[in-house]
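Chain and residue survey
Single-letter residue listing:
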Amino acid sequence: MSEEMNNELEEVIIVTATDDDGNEVNYQEVQRIDIDGKVFALLVEVPDSEDDDADDDGDAIVARVDVEDGEEVYVAPTDEEFDAANAAFDELFSELTIQ
């Protein structure tokens, strides 16, 4: 593969979280934003082909990305952080749909 083609490929980041019932759910990171020096990621549920209907878009969650011991970890934002990140993602995606 040429270096040019390799540079065009995007890394797919999959994050596994545990839901309220103790089930593991996979999410794909689709976008990051920086707000006041903190990084937030928009994670969209990856459908489980065995259980999910094709019509189901899945859930989306917002996570704060922290660095602990040199590793990125996804943590729940505070209510204030969630509101700010959610508003920033809404604005970003509304701008993208207008263009």
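Note on numbering: residues in each chain are counted from 1, in written sequence order. Only residues with pLDDT of 70 or above have their local features reported here, since the model is predicted, and side-chain atom pairs are shown and tallied only from 80 upward, although totals for entire chains, interfaces and linings are computed over all residues. As a rule here, side-chain values cover all heavy atoms of the structure and leave hydrogens and water aside.

Remarks on the environment of E45
Where helices and strands are cited, they refer to DSSP runs of H or I of at least four residues and of E of at least two residues respectively, numbered from the N terminus. Mapped onto the secondary structure, E45 falls in strand 3 (residues 38–45). Only protein chains enter the accessibility calculation, which uses a 1.4 Å probe. A residue is then buried if its area is under 20% of the maximum for its type, exposed if over 50%, and partly exposed in between. The class of E45 is buried, set by a relative accessible area of 19%. Residues E45 and A60, spaced 15 residues apart in sequence, show a C-alpha to C-alpha distance of 6.0 Å.

So, the pattern of salt bridges
Salt bridges are counted wherever a side-chain nitrogen of Lys or Arg sits within 4 Å of a carboxyl oxygen of Asp or Glu. Tallied over the entire structure, the rule returns five salt bridges. Between R32 and E72 there is a salt bridge whose closest N-O contact spans 2.7 Å. In this pair, R32 sits in strand 2 (residues 24–35) while E72 sits in strand 5 (residues 71–75), placing the two residues 40 residues apart along the sequence. On the accessibility criterion, R32 (29% relative accessible area) is partly exposed. For K38, the salt bridge is made with E81, and the minimal N-O distance between the two is 2.7 Å. Placement of the pair is K38 in strand 3 and E81 in helix 2 (residues 79–98), with a sequence separation of 43 residues. On the basis of relative accessible area, K38 is assigned to the partly exposed category, the value being 40%. Shared partners join several salt bridges into a network, and the residues in it are K38, R64, D66 and E81.

Some details on the sheet that holds strand 3
Strand pairing is assigned whenever DSSP detects at least two bridges linking the two strands. What the five strands build is an open sheet, ordered 1-2-3-4-5; its pairing is antiparallel. The open sheet is flanked by strand 1 (14–18) and strand 5, the only strands paired with a single partner. The average angle at which neighbouring strand axes cross in this sheet is 45°, direction not considered. Bridge analysis of strand 4 (residues 60–68) against strand 5 gives five bridges, and the strand direction is antiparallel. The residue of strand 5 that forms the bridge with R64 is V75. Axis angles are defined between N-to-C directions and span 0 to 180 degrees, where every axis is a line fitted to C-alpha atoms and, for a helix, only to the segment in contact.

A few points about the confidence of the model for the protein chain
Residues with a pLDDT of 70 or more make up 80% of the protein chain, whose mean pLDDT is 84. Confidence of the predictor at the level of single residues is given by pLDDT, which spans 0 to 100. Mean pLDDT per element in the protein chain: helix 1 (residues 3–8) is the minimum at 49, and strand 3 is the maximum at 96. When checking whether two residues touch, look at their non-hydrogen atoms; a contact exists if any pair is within 4.5 Å. In this model residues 1–6 is a low-confidence stretch, pLDDT under 50, and it forms two contacts with partners more than four residues away in sequence or in other chains.

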